[in-house]
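# Chains, contacts and geometry: an overview
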Amino acid sequence: MTLPAAAVLVFLAVSASAQEVVPRDPESSIIDLEHAWVDGEARNDNNALDQIFDNGLIYIEYGKLLSKAEYLMRVRVSGKHLPQQIEMQGMTVRRFGSAAIVVGVYQEKKVAEGRLTLRQWRFIDTWVFKYGRWKLVSAASAPIMGASVQK
Amino acid sequence: MTASRIVVGVVILAVLTAAGGAAQVDDSGNVTKLLALENVWRRALADKNLNALDALLNRDFVYVDPKGRTRSKAEVLVDVQSAKNTKLAETMVVRLHGEIAVVTGLYQEIRDERGKALVDRGRFVDTWYFSAGRWTAIASVATPMEDPL
């Protein structure tokens, strides 16, 4: 290969790497990641969650804002005795360039002081395609009023 | 010009092209711009300025309110017309992710309940998308500060 040809190849390679090539059909990938998040938390798998979460993740629940490090610490501290179980109950994905918004509902099953509480939450998660993979950059949820049951 | 100089020149050009491509959204000033847009949004709600809201909200905008209800852009524009509450925002922080920006902050909603002013507090997350030279809001979630149960 001649030097000019090699230079052209370098040019093409470096130029291409600057543009994130977003998969054409990200919906199924993102839904899989949403489920992977729930599974990772249920298994207390911080490594799996670390891969899913962007380093700049912000997570909000009941007005409390957690960073990625704080969220992972919470999972680590909870250990195998997680007080709640999460069940996804439907979600839709909307694409915006190299980002996607997921709107959905999940049910939280929580046991505290011998009482079982079932609560539904509506959430919006924001995913951004970075460095060849989808990363969660924000997650926020609000409790659905009138959709809680205590037993 | 020697072949080696051609190679160096092409590599430099490639790096500059890559840098320009990666920085599609210039971060400088975007934080200030987004905070200003947030204030414009709150003002538009207070003034019931539907034109301003129409420009701010992306056509696919979705809102989740503190009671877990979803509202589309069209529904928000209808709700605004009959809204009587006052919304304030503070302590806003902007986080940029290329063409996406996430703004978090604290809100206070002052509502009238049988002549008594009540204040609901919470935290919000607004997601903005940069496209066609401007930012539009694509999502918003308002989460209450306290557990209502």
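Preceding this section is the structure that the text describes.
Residues numbered from 1 in each chain as written. Chains lettered and ligands numbered in written order. Predicted model: local features only at pLDDT ≥ 70, side-chain atom pairs only at ≥ 80, totals over all residues. Heavy atoms only, no water.

### Things to note about helix α4 (residues 68-78) of chain A
Residues and elements named next belong to chain A. What counts here: Only protein chains enter the accessibility calculation, which uses a 1.4 Å probe; a residue is then buried when its area is under 20% of its type maximum, exposed when over 50%, and partly exposed in between. Put simply, DSSP marks the helices as runs of H or I at least four residues long and the strands as runs of E at least two long, and each gets a number from the N terminus on. What the arc measures is the spread of directions leading from the helix axis to the C-beta atoms. Residue contacts are defined here by distance: any two heavy atoms, one from each residue, within 4.5 Å place the two residues in contact.
Within α4, the full set of buried residues consists of K68, Y71, L72 and V75. Along the axis of α4, the buried residues cluster in a sector spanning 95°; they form a single face. Seen from the buried face of α4, the exposed residues on the opposite side, beyond 90 degrees, are A69 and V77. Looking at the buried residues of α4, the elements they touch are α2 (27-42), α3 (46-52), β1 (53-61) and β2 (64-67).

### Points about the pairing of strand β4 (residues 99-112) of chain A
Residue and element names in this part refer to chain A. For clarity, the cut-off: Two strands pair if DSSP finds at least two bridges between them.
Counting buried positions along β4 yields 10 of 14 residues, so the element is predominantly enclosed. Bridging between β4 and strand β5 (residues 115-130) involves 14 bridges; their strand directions are antiparallel. Note that in β5 the partner of V111 across the bridge is L116. Between β4 and the antiparallel strand that follows it, β5, lie two residues; E113 among them carries a positive phi value of about 50°.

### Brief notes about the nonpolar core
What counts here: We call a set of buried Ala, Val, Leu, Ile, Met, Phe, Trp, Tyr and Cys residues a nonpolar core when their side-chain atoms join them within 4.5 Å.
Of all hydrophobic cores here, the largest spans 27 residues; its most connected members are A:W37 and A:F53. Counting residues per element, the ones that place at least two in this core are α2, α3, β1, α4, β3 (84-96), β4, β5 and β6 (133-150) of chain A. Here this core takes four residues from β5(A), the largest share from any one element. Filtering out sequence-adjacent residues up to four positions away, A:F53 remains in contact with A:W37, A:K68, A:Y71, A:L72, A:K135 and A:L136. Residues B:L34, B:L56, B:F124 and B:A142 belong to the second largest nonpolar core, which totals 21 residues.

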